[in-house]
Amino acid sequence: MNVSLKIFNRGCLLFNLLLYFDSLLVFTILFRPYKIFHLSSRTLQYPLQFPLMFYDFVANKVTPVDMAAAGFDANKEFKPHGISLLKQHQGGGDDRMGLLAVVNHAVIDGESRVELFSVHDGDHGGRGRPRDHDSNGGGEAVPLIARDTLKGLRVRHLVSVGSFGAGTLNDVVLIDADTLYVTEWYKHSLPQDGSTAPLAYKIMQNVFHTLGLPIYTLHKCVRGSGQWMCAPALTLPSMNGISTTAKRDILAVVQISTKSVHFYRVGGELEHLTSLALPIIVDNLSLDSTNNNPDLDIWYGAGILRGLDFLVHTSKITNDTSVDSIPSGEIRVTYNRKTSHASVELLRTARDAGCWCNSIKIPTSADYSYDEHDMDDNTKPTTIIGSFCRSGVYICH
């Protein structure tokens, strides 16, 4: 495997990433050790907020978003996980705008929730302000990052979507500006000081994961009359990543306990289309934006090879021990709209190249900075693989 590794922060765990159009990568991090699975009750101290991060591939520079300048309350938690981007255009199609949804593990506040942000690349058209999506309206989004680093990118916090209870959310997908789905990962909250749930309860949750019991909620949130309302859409085994199609009419929901992905048609109620067994434990799926075949939907994904490897290594991660790698793999999933048939291809595996959690197909129009001497030939990179324990991305071909 030919790769050029970009390390973002060795003291962090990379949780999720996506492309903002074709030039910027946005990702979420939490500082290690963040004790998600660990069973002890050792007290740990964490910052109140972990900023959204943007990586400019042209400048080869990572920059955190100024959350205060984005209008996010400095007294509220921001511990991001899953993210989703709804791309939008304005002013003749040159303005590059988006609605960004981010899962926030606000454990001190008592529950996970989803934060909505407007994102606007002001140097690509820049003729209008970002469209408001919250009930309050509001003013201009202010520039958060110098124009020579991230092209005048503007981010503004719009609204918090809550009422999910005490469970731990994982990933989110926007269907449109007024509809989103979010997966539930655990029935208890993430720990804020090492342990917020009794040990027996945590053990039970891991047993539920292993057995694949359908007790976890896929939430649907809809905005009407300026207010967001959330309700259960399905009850399934423990879920992880969730994605959609370019038409945003089908959901792809990853279940980690059953090593599978399930496809649903979006509507008033979700209609199950088909299910597909996966060769690895997939963390997240990312839609292939380069696919031009209207009859096929294609996703790239990444994850670990065996659950046991993950359980063994997470105890090291959460005890301040450096863990560089867990055996991982990358896949490509294809759904045929005409036949409702789904298939999967294992693209690559590695035992010593981080802990893979995401894979994104690189648009052919993108201009990415990478170290050519790390490649065996002059082949242009084709995918980006995110690693959560060796925190960074691999530029792969």
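This text goes with the structure placed above it.
Within any chain, residue numbers begin from 1 and follow the written order of that chain's sequence. The predicted nature of this model means local features are confined to residues of pLDDT at least 70 and side-chain atom pairs, given and counted, to a pLDDT of 80 or more, with totals for whole chains, interfaces and linings taken over all residues. Processing note: side-chain calculations cover all non-hydrogen atoms of the structure and skip hydrogens and water entirely.

### Re the pairing of strand 16 (residues 260-265)
- By the criterion of burial, strand 16 is predominantly enclosed, with five of the six residues buried.
- Direction of pairing for strand 15 (residues 250-255) relative to strand 16: antiparallel, over a ladder of six bridges. Of the residues in strand 16, the one forming a bridge with Leu 251 is Tyr 264.
- Pairing between strands is defined by DSSP: at least two bridges between the two strands are required. A run of DSSP states H or I qualifies as a helix once it reaches four residues; a run of E qualifies as a strand once it reaches two. Both are numbered from the N-terminal end. Turn length for the strand 15-strand 16 hairpin, with the two strands adjacent in sequence and antiparallel, is four residues, and the turn residue Lys 259 shows positive phi of about 50°.
- Pairing of strand 16 with strand 17 (residues 271-277) involves six bridges; the strand directions are antiparallel. Within strand 17, the position partnered with His 262 by the bridge is Ser 275.
- Between the end of strand 16 and the start of strand 17, which pair antiparallel, lie five residues. Residue exposure (1.4 Å probe, protein chains only): buried if accessible area is under 20% of the type maximum, exposed if over 50%, otherwise partly exposed.

### Here we look at the side chain of Thr 334
- The residue Thr 334 is located in strand 20 (residues 328-336) in this model.
- Discounting chain neighbours no more than four positions away, the residues touching Thr 334 are Leu 296, Asp 297, Ile 298, His 341, Ala 342 and Ser 343. Contacts are assigned to residue pairs with any non-hydrogen atoms lying within 4.5 Å of each other.

### Looking at unusual backbone geometry
- Despite not being glycine, Lys 259 shows a phi value in the positive range, around 50°.
- Its place among the elements puts Lys 259 in the loop between strand 15 and strand 16.
- Positioned with a positive phi, Ser 340 is a non-glycine residue whose angle comes to about 60°.
- Counting through the fold element by element, Ser 340 comes out in the loop between strand 20 and strand 21 (341-350).
- Accessibility expressed as a relative area gives 27% for Ser 340, which makes it partly exposed.

### Description of the environment of Pro 214
- Within the element layout of this structure, Pro 214 appears in the loop between helix 2 (199-211) and strand 12 (216-224).
- C-alpha of Pro 214 to C-alpha of Leu 236: the two residues are 22 residues apart in sequence and 4.1 Å apart in space.
- Apart from the residues within four sequence positions on either side, Pro 214 is in contact with Thr 235, Leu 236 and Pro 237.

### Some points on the sheet that holds strand 13 (residues 227-236)
- Sheet architecture is open: four strands sit in the order 10-11-12-13, paired in antiparallel fashion. Each end of this open sheet is capped by a strand with a single partner; those strands are strand 10 (168-176) and strand 13. Each strand of the sheet is rotated relative to its neighbour by a mean of 20°, with strand direction disregarded.
- Taken together, the nine bridges between strand 12 and strand 13 define a ladder with antiparallel strand orientation. Bridge pairing in strand 13 links Thr 217 to Thr 235. Every angle, taken between N-to-C directions, lies between 0 and 180 degrees, and every axis is a line fitted to C-alpha atoms, over only the stretch in contact when it is a helix.

### Focus on the packing of aromatic side chains
- For Phe, Tyr and Trp, where Trp contributes only its six-membered ring, two rings pair if their centres lie within 6.5 Å, and the inter-plane angle classes them as stacked under 30 degrees, edge-to-face over 60, or tilted in between. Taken as a whole and assessed by the stated rule, the structure comprises five aromatic pairs.
- Residues Phe 78 and Phe 117 carry aromatic rings whose centres are separated by 5.9 Å and whose planes lie at 80° to one another, so their mutual orientation is edge-to-face. Within this pair, whereas Phe 78 is found in the loop between strand 5 (61-64) and strand 6 (80-90), its partner Phe 117 is found in strand 8 (residues 111-121), the two being separated by 39 residues in sequence.
- A relative accessible area of 0% places Phe 117 in the buried class.

### Examining the pattern of salt bridges
- The salt bridge definition used is simple: a Lys or Arg side-chain nitrogen within 4 Å of an Asp or Glu carboxyl oxygen. According to the stated counting rule, one finds nine salt bridges in the structure shown.
- Glu 77 serves as the salt-bridge partner of Lys 79, at 2.7 Å between the closest nitrogen and oxygen.
- Classification of Lys 79 as buried rests on a relative accessible area of 3%.
- A single salt-bridge network, built from bridges that share partners, covers Asp 249, Asp 297 and Arg 337.

### A short note on the pairing of strand 9 (residues 153-161)
- Judged by how many residues are buried, strand 9 sits mostly within the fold: eight of nine residues are covered.
- Bridging between strand 8 and strand 9 involves eight bridges; their strand directions are antiparallel. Within strand 9, the residue paired with Val 119 across the bridge is Val 155.

### Section: the state of the cysteines
- The criterion for a disulfide is a pair of cysteine sulfur atoms lying within 2.5 Å. By the definition in use, this model includes one disulfide.
- One disulfide in the model links Cys 221 with Cys 230; its S-S distance is 2.2 Å. As the torsion about the S-S bond is roughly 110°, the Cys 221-Cys 230 disulfide counts as right-handed.
- Given the relative accessible area of 0%, Cys 221 is considered buried.
- You can call Cys 230 partly exposed: its relative accessible area is 21%.
- As a non-bridged cysteine, Cys 357 has Cys 355 as the owner of its nearest cysteine sulfur, 8.6 Å distant.
- In this structure Cys 357 comes out as buried when scored by relative accessible area, which is 0%.

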